[in-house]
Amino acid sequence: MNPPCHAALRVVAALCAVITGARAEEFSNSFAVDLGQKHYRISVTGNDQVVDLDGSYETSVHATWMLRFWDPGFESPGFLGGLGLAYGFYEEDDLLLQVFEVRGEFGPAMEPVSWLRFGMQLFGGIGYHDLHVPRAIYDLTGVSGIGNLGFSYGANAFLTFKLHHNLHLSGQAGFRGLYVSYGVFEDGNLNRGIESSTIGLLAGASIDFAF
């Protein structure tokens, strides 16, 4: 075969590699809900009183929308990551925490066959955490709650079944933590404030619309 033919074949091979790689990468809209008992520790300071709350939220729901990007690896794990919005609702009697966040996630993933993907992800978010403490705590400390910037963090393993090229169903299991605090200080001493930390296991499912 003459040199021009060799050059033409190399060009065709390069174009095929580019096209194959571009088509292997994908974006998806992912809608997920996860549940799981979350344990809280809350410290409320006010009126020269410090009240510590310790327990578990009876209701725990966290919903997210993510725009995800899948970049397959070549003879190695690929990468799955994304950005999105999250809403969390946690309640025990008249103790209530709501979370509105911007969230990011990333981690390694593999596709042993074309219809199955699994991997591990780290995630974190930052946003507005709205906490309302029980009336009895307010009567004692004069502090009813906090609305402030807080953050979340966690990790989960996932297993995705690709029912169709554009439709995927996933299951997740892992843990999630939340933290928010606020304080008013006088002469270097905490006069009024709240510190809230929450952590627990999560189990969830998501549906992804790939494109």
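Residues numbered from 1 in each chain as written. Predicted model: local features only at pLDDT ≥ 70, side-chain atom pairs only at ≥ 80, totals over all residues. Heavy atoms only, no water.

Brief notes about the nonpolar core
What tends to happen in soluble globular proteins is that the nonpolar side chains get buried as a cluster. In this structure, Ile-42, Tyr-57, Leu-131 and Ile-194 are the most contacted members of the largest nonpolar core, which totals 18 residues. Counting only elements with at least two residues in this core, the list comes to β2 (38–46), β3 (49–56), β6 (95–113) and β9 (167–186). In this structure, Leu-131 is in contact with Ile-42, Tyr-57, Leu-95, Leu-96, Leu-97, Ser-144, Gly-145, Ile-146, Ile-194 and Ser-196, ignoring residues within four places of it in sequence. (Core = buried A, V, L, I, M, F, W, Y, C linked by side-chain atoms within 4.5 Å. Buried < 20%, exposed > 50% of the residue type's maximum accessible area, 1.4 Å probe, protein only. Helix = DSSP H or I, 4+ residues; strand = E, 2+ residues; numbered from the N terminus. Contact = heavy atoms within 4.5 Å.)

Regarding the pairing of strand β1 (residues 26–35)
Residues Glu-26, Ser-28, Ser-30, Ala-32 and Asp-34 of β1 are buried on one face, while the alternating residues Phe-27, Asn-29, Phe-31, Val-33 and Leu-35, pointing to the opposite face, are not. Examined bridge by bridge, β1 and strand β4 (residues 59–71) share 10 bridges and lie antiparallel to one another. By the bridge assignment, Val-33 is partnered in β4 with Ala-63. One ladder, built from eight bridges, connects β1 with strand β10 (residues 189–210); its direction is antiparallel. Bridging from a neighbouring strand, Phe-31 pairs with Ile-207 of β10. (Pairing = 2+ DSSP bridges.)

A word on the pairing of β10
Of the pairings in the sheet, the one linking β2 to β10 comprises eight bridges and is antiparallel in character. Considered in β10, the bridge of Ile-42 is made with Ser-196. Taken together, the 20 bridges between β9 and β10 define a ladder with antiparallel strand orientation. Bridging across to β10, Gly-171 finds its partner in Ala-205.

As for the layout of surface pockets
The calculated volume of the largest pocket comes to roughly 170 Å³. Residue lining of the largest pocket: 13 residues in total, with Trp-70, Pro-72, Met-110, Glu-111 and Pro-112 positioned closest to the centre. Each residue belonging to the lining of the largest pocket can be placed in one class, and the counts come to seven nonpolar, four polar and two charged. (1 Å grid on protein atoms, 1.4 Å probe; cavity = no way out; pocket = protein on both sides within 12 Å on 5 of 7 lines; lining within 4 Å. Points joined across faces, edges and corners; volume = space filled by probe spheres on them. Nonpolar A, V, L, I, M, F, W, Y, C, P; charged D, E, K, R; others polar.)

Observations concerning empty space enclosed by the protein
A complete count under the given rule lists two cavities of 30 Å³ or more for this structure. By volume, the largest cavity is sized at about 110 Å³. It is β4 that provides the largest number of residues to the lining of the largest cavity, a total of three residues. In terms of residue class, the lining of the largest cavity is made up of four nonpolar, five polar and five charged. Taken as a whole, the second largest cavity holds about 30 Å³ of empty space. Taken together, Arg-68, Leu-80, Gln-121, Phe-158, Thr-160, Ser-170 and Gln-172 make up the full set of residues lining the second largest cavity.

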